[in-house]
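These are the residues of each chain, in order.
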Amino acid sequence: QVQLVESGGGLVQAGGSLRLSCAASIRTFSTYAMGWFRQAPGKEREFVASITWSGGSSYYADSVKGRFTISRDNAKNTVYLQMNSLKPEDTAVYYCAATRPGARTYDYWGQGTQVTVSS
């Protein structure tokens, strides 16, 4: 059974940094593309960043480009989201997601971790 467990969320002041981690219990983790999404209160879930199975390519929402960095360590079955220069509008529950090779949607989701940025 696939499990994704996020950690690293918390309360930070505007301009601060956090690093989120997502530990995946996927035997073939290195073949999965991974993504981060977020959902703010009263809003729909939105894409934040994604990374290919090898880590060779990554993609970002315009709202976080230049401030957030997604990375992965396939030896540790873990994907990270380094968040710098945080803004109050980054406040949301952040979710990790995994997509199987060849799939067009994200198949597995974590339970989420809360990030709150105070002004």
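Note: the structure precedes this text.
Residues numbered from 1 in each chain as written. Predicted model: local features only at pLDDT ≥ 70, side-chain atom pairs only at ≥ 80, totals over all residues. Heavy atoms only, no water.

**Student:** Would you explain the packing of aromatic side chains in this entry?
**Tutor:** The relation between two aromatic rings is expressed through the spacing of the ring centres and the mutual angle of the planes. Applying the stated criterion across every chain, the model contains five aromatic pairs. Plain terms: the ring middles of Tyr-32 and Tyr-108 are 6.4 Å apart, the flat faces sit at 40 degrees to each other, and that makes the pair tilted. Of the two residues, Tyr-32 sits in the loop between strand S3 (18–24) and strand S4 (33–39) while Tyr-108 sits in strand S10 (residues 108–109), which places them 76 residues apart along the sequence. Judged by its relative accessible area of 26%, Tyr-108 is partly exposed. (Phe/Tyr/Trp six-rings, centres within 6.5 Å; stacked < 30°, edge-to-face > 60°. Helix = DSSP H or I, 4+ residues; strand = E, 2+ residues; numbered from the N terminus. Buried < 20%, exposed > 50% of the residue type's maximum accessible area, 1.4 Å probe, protein only.)

**Student:** Explanation requested: the sheet that holds strand S8 (residues 78–83) in the structure shown.
**Tutor:** What links the strands of a sheet is backbone hydrogen bonding, and the strands pair in either a parallel or an antiparallel sense. If you walk across this open sheet you meet the four strands as S1-S3-S8-S7, and the pairing is antiparallel. The open sheet has two free edges, formed respectively by strand S1 (4–7) and strand S7 (68–73), since each of these has just one partner strand. With strand direction ignored, the average angle separating the axes of adjacent strands in the sheet is 15 degrees. Across six bridges, the pairing between S7 and S8 is antiparallel. If you follow Phe-68 over to S8, its bridge partner there is Met-83. (Pairing = 2+ DSSP bridges. Axes fitted to C-alpha atoms, helices over the stretch in contact; angles between N-to-C directions.)

**Student:** Would you mind showing me how to read the environment of Thr-91 here?
**Tutor:** Considering the arrangement of structural elements, one finds Thr-91 in the loop between S8 and strand S9 (92–99). Between the alpha carbons of Thr-91 and Ala-14 there is a distance of 10 Å; along the sequence they are 77 residues apart. Within the structure, the side chain of Thr-91 is placed 2.9 Å from the backbone oxygen of Pro-88, a separation counted as a polar contact. A polar contact of 2.9 Å, which involves the side chain of Thr-91, links it to the backbone nitrogen of Val-117. (Polar contact = N/O pair within 3.5 Å; in protein donor to acceptor, adjacent residues only side chain to side chain.)

By themselves these figures say nothing about function.
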